[in-house]
Every structure is written in structure tokens, then in C-alpha cells.
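Given next are the chains, with one letter for each unit.
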Amino acid sequence: MANSILLTILEVILMPLVAFIVGLFMVLMMRKLAAKLQRRVGPPLFQPLYDIVKLYGKQTQISHGLIHDIGIIMAVGGYVAAEALLPVPGMDGIAAKGGLVTLAYLMMVPSLGLALGVGQCANPNGSIGISRALTAMLAYDIPFIIVIFGVAYHFGSTNLVSIIATQQAEGIAGWGISEMPILAIAGLFALHASLGKQPFEIYIAPAEIATGPMVEMGGKFLGGLFVMQTFQLYTASVLYVSLFLGGGENWVTFLIKCFAVLAIPVLIAYLFPRYRTEDLIRLVWKWPVMLALLGVAFVMN
Amino acid sequence: MKSTDLDRIEVNPKTMPKRTNPLANVFDDLVRFCRSRSMFMLHYCTGCGAIELPPAMTSRFDMERLGIQPMVTPRQADILLITGYVSIKTLKRVILTYEQMGSPKYVIGICSCTVNGGMYWQSYATAKKLDEYMPVDLYIAGCMPRPEAVIEGLQQLMDKIKNDQANSWKQYYENYDYYLGNQQKLFGNNWQTPTDVIGEAEIYRLMGPQTLGEHTKILQQVQKPMEPLEMKL
């Protein structure tokens, strides 16, 4: 009994660390793919790590207040907590006790944390950026929740461990993507929107609102956001793999699936400019929501 | 700050506390290496610089393979890239931008305009030498230097950072009186920036004998405290 508790604690510590390392390579892949699309060489292998170490090594005595500091901790902490609920091969953590609903809830915490923090720095670009970020969250969360509902209804469970076990027991024919292809497409759409990449990049928009929420962030604050980005990419792709691609039988297939899932939105992203806010909401509330509802209708039939 | 406060500030630099961690040097080397391999740059481009610099960033010459990428706000940036002439009006904005960057920060002057005024030497509205107003780490001369020269210059800066020689940001604190004097000569004695440079110098322990002087005395007489903007709908 005590042994299993110790093992769980060890897993809960290890899972975010693994997520961070995999996430660093995901950031690298994203930047490399962007470079290849633009016929450039792209950054070296350890570039994401150099950036983070450099940002944490910067000196600053600027403070925007306590809430600003706590906001960054919430933003990173929300994802760190989410990693403990995402089963990976060999480690389940507390996934069996948390379930999909808790996970969906935790994935909203970072945006709210950022909203708290950026609100205090009183930069108009930051306020515009964070209001856009929350609007975007409102847009992509609706298809996301419908997709999660459909998957949970299909497998008769919100427990990610049992969802993955069911899919793996039946092989490729039992994967979510072959049983619920329409929901899988809607899910990919929502995943792309949740990453905040072009054409859904409304709240970063460097040329328009000077990177929005990040406008006053320098040094350690920006470093925190870079760490958050590694977790964000990891969480989104692992959740998609768990719901639709049968999770991971072992680390090799698991990582191949995760990177492949992430490559799709990234390859699309760097070919597009940016939507306006109202166009984004119109688009996301129309097509992925319609697809997801259609998918749910098929699942419930 | 009243002028009587001037006497209370210790002018002699406080020494840094001695480092007891045996791995401190290794750690410093690592941080310096990462600094040299990851430089976020903020480019202040006027005239020809705005046209000639993008090729250095995009497909043909690709700065990202050296870890250099453009950033949009001074808080996020490490390098301030000034290409082309700075007029007296824009120099104010350049100084505001420079003071808002987090340390360590590096300034690169590109084009002969930043070295000695270039073809604007006779202009009454142009600041001739950039390093009279802020410390410059590196000049890349030329009118306008080709992307190869720009990247060569950036690689020299990388080597300087790696060898701990790119410390000119400290000079701004140590010789603040000199830089402020030159700024006051151009902008008048009422010149002040929102950043409290003297306070920062104290926190960084970079107060030198040249930090305070007659020009900072003038600043302290005219300085108005920063107040939050009034919220209006």
C-alpha cells in the first residue's frame, strides 16, 4: 500500500519532467518545420533550451506586482497539474482518479492565470491581447467540450486509462479515429485553435498588438511562458493521441503519434495569415461545432 | 528625489557577496554560452536599414540558425539593433527603449550614420555619434552593410558574449552622468525618462564614481515622480 503511494508520488513528479523534455523537442520541431516551409535552415537542436536558460539568466528589477508573479505560476502550474492526469506508457499517475472533466478544467487554468497576471501590468496591448485570448478560449472550448462528451459517451467512461485500454484491446479498428472519424476531425480543428497558431493567432499578433499577453514580460516571466508553451504543445497532442489514436503501447509509437498529431496543425499554421477575432469565432462556432454535433449524433445512434 | 538625498547614496561600489558555490563558474559559463546562442533582437530601423536588414533574417541568410530572432517589445529583447540615422526626436524614443530592456543588453550600431552621422553629418536634426548617448557594443560600418557583414558582426558579438567581454551595458550605469549630460545637451535640462537609472545602478551594484555628477544633480532637481495614468472611459 505504502509502496504504491510512493510509486504514485514518483510518477506525479516524473510525468511533468518528461512532458517538459518532450515539449522542448516539440517546440524545436515546430520551429524546424516553419523553417523548412520557408526554405531556411532553422534553429539548432538545443535552441529551445538555450532560450529558456538565457531568459532565466536575465536580470531585472521591474515588478508589476504580486498578482503578476502569481499569474505566471498559475499559467505553468495549471499545465503541470494537467500532466499528472495524462497517462503515458508505463505511468498512469493520478489519471484514473482525475478523468477527462478535471483535465478539461485544468487546461483552462493557464489562460485564466495569464489574464490575472497581465491585467496588473496595465499595458493596453496586454489587455487587448488577454481579452482576445479569453475570447479565443470561448471559441475553441465549445467544440472541444462537445468532442470530449462524444468520446466519453462512446467509451462509456470519462476515465482516460480505461479509454486507452479499450482502444488498445481492439487494435487499430478500435481506435477513436476509426470509430468516430467526424469527431476526430472536429477535435483536430479544436486542437489547432487551442494552440494559438496561425490562422488562430489573434492574441499573439506580434505586428498588431506586440505579442499581446507577453508584451510586458521579460526575463524570468517570458521564460515561464516559454516553459508553458512546451507543456501546452505536449498536453494538446497527448490528449488527442489518448482520445483518438489509442494512446501509447510503448514510448516509440507514443512519441511518433504525438509528434505526427502536432505536425498537422503546425504545417497548416505557417501557410496562413491571421483571422480577425469575430471571423475566428464565426468560423470555430460554425464548422467544428457542426462537425462535432454530427459526430455526437452518429456516436449516440 | 531631493538634492539632499544625493549625499546619502554611497558612491563607492559595493562589492558583490563572495560566491561560495564551487560550481558557480561552470554555471556562469553555461549561462554565458546560452546568452550567446540565443539573442532576441529588437530592431530600430530607419531608412535603408528597414529595407536591407530583412534579407539577413529571411530565407537567404537565415539568422535563426544562429539563435537570433526578432522580438517586438524592449522587455523581451537582448539586442537593440539601430540601423541608420537617429534624429534628435527619435533618439529620445531610442533611449526610452534602451532603458526599458532587461540586463544584460547589447546595442549594435549598423551603418555609418550611427558611427559618425554618415551622409547626415551636416544635418542639424540628427544625432551624430550614437555612443555619446548610450554605450554601443559593436559597430557594423557600411552604407548599408550587406547581410554577410551583419551576420559576421553578430557572430563577433556572440564571441564577445561567450568570452564575457560584452559588458558595455554596465558602462551606462557606471558613467551615467556622462551619457545624461550629452542627452541634456540635446534635449534640454528638463529631460527625464520613466526609468530610474540611478536606482537600478544601486540594485545592480554598479554605482561608480562617474554615476553621479553635475548632470544627475540637474536631473534630480527637475525630476517629477512617475504617477499612474488617470483611468478614463
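Attention now moves to the overall build of chain A. Regarding its fold elements, chain A presents 13 helices and zero strands. Each helix (α) and strand (β) of chain A, taken in turn from the N terminus, gives the series α-α-α-α-α-α-α-α-α-α-α-α-α. For 301 residues, the compact-globule estimate of 2.2 N^0.38 gives 19 Å, and the C-alpha radius of gyration of chain A, at 19 Å, lies within 12% of that figure. Projected onto the principal axes, the alpha-carbon positions of chain A cover approximately 55 × 50 × 40 Å. Looking at chain A as a whole, 50% of its 301 residues are labelled buried. Relative to all contacts within chain A whose residues are 6 or more apart in sequence, the contacts with residues 24 or more apart total 81%.

All names here are of chain B. Relative to the 18 Å expected for 13 residues at 1.5 Å per residue, helix H5 (residues 88-100) spans 19 Å between its end C-alpha atoms, a close match to the ideal helical length. Those residues of H5 lying buried are Leu91, Val94, Ile95 and Tyr98. Angular distribution of buried residues about the axis of H5 spans 100°; they occupy a single face of the element. Exposed side chains of H5 directed beyond 90 degrees from the buried face belong to Lys89 and Arg93.

With that settled, the discussion passes to the interface of chain B and chain A. With 20 residues of chain B in contact, the opposing surface of chain A contributes 28 residues. At the level of elements, helix H2 (24-37) and helix H10 (197-203) of chain B are the ones that each hand at least two residues to the side of chain B that touches chain A. Counting residues per element, the side of chain B that touches chain A draws most heavily on H2 of chain B, at five residues. Its residues assigned to classes, the side of chain B that touches chain A shows six nonpolar, seven polar and seven charged.

Moving on, we get to the pairing of strand S5 (residues 106-110) of chain B. All names here are of chain B. Counting buried positions over the five residues of S5 gives five, a clear majority of the element. Here S5 shows two buried faces, one formed by Tyr106, Ile108 and Ile110 and the other by Val107 and Gly109. Two strands pair when backbone bridges link them, and strand S3 (residues 79-83) and S5 are joined in this way by five bridges, in the parallel orientation. By the bridge assignment, Leu80 is partnered in S5 with Val107. Summarising the sheet, S5 and strand S7 (residues 138-140) pair through three bridges and their orientation is parallel. Pairing of Ile110 across the sheet is with Ile140, part of S7.

As a further point, take the sheet that holds S7 of chain B. Residue and element names in this part refer to chain B. With parallel pairing, the five strands of this open sheet are ordered in space as S2-S1-S3-S5-S7. Edge strands, defined here as strands with exactly one partner in the open sheet, are strand S2 (68-70) and S7. Neighbour-to-neighbour, the strand axes of the sheet open up by a mean angle of 30°, direction not taken into account. Here strand S1 (residues 39-45) pairs with S2 via three bridges, running parallel. The partner of Met41 across the bridge, within S2, is Pro70. Most of the contacts of H5 go to S3, to which it runs at about 165°, and overall it touches S1, S3 and S5. Docked against the sheet, helix H7 (residues 147-162) engages S2, S5 and S7, running at close to 165° with respect to S7.

The next point concerns unusual backbone geometry. Residue and element names in this part refer to chain B. Of the consecutive residues Ser103 and Pro104, the connecting peptide bond is found in the cis state with omega at -5°. Relative to the helices and strands, Pro104 resides in the loop between H5 and S5. Between Cys143 and Met144 the backbone carries a cis peptide bond, its omega angle lying at -5°. Relative to the helices and strands, Met144 is located in the loop between S7 and H7. A positive phi angle, close to 45°, is found at Asp62, a residue other than glycine. Relative to the elements of secondary structure, Asp62 occurs in the loop between helix H4 (54-57) and S2. Backbone geometry places Cys111, a non-glycine residue, at a positive phi of 85°. Secondary-structure assignment places Cys111 in the loop between S5 and helix H6 (112-116).

The rules behind the values
Residues numbered from 1 in each chain as written. Chains lettered and ligands numbered in written order. Predicted model: local features only at pLDDT ≥ 70, side-chain atom pairs only at ≥ 80, totals over all residues. Helix = DSSP H or I, 4+ residues; strand = E, 2+ residues; numbered from the N terminus. Rg over C-alpha atoms; globule rule 2.2 N^0.38 Å. Buried ≥ 20, exposed ≤ 12 C-beta atoms within 10 Å, placed from the backbone. Contact = placed C-beta atoms within 7 Å. Expected span 1.5 Å × (residues − 1). Arc of directions from axis to C-beta. Nonpolar A, V, L, I, M, F, W, Y, C, P; charged D, E, K, R; others polar. Pairing = 2+ DSSP bridges. Axes fitted to C-alpha atoms, helices over the stretch in contact; angles between N-to-C directions.

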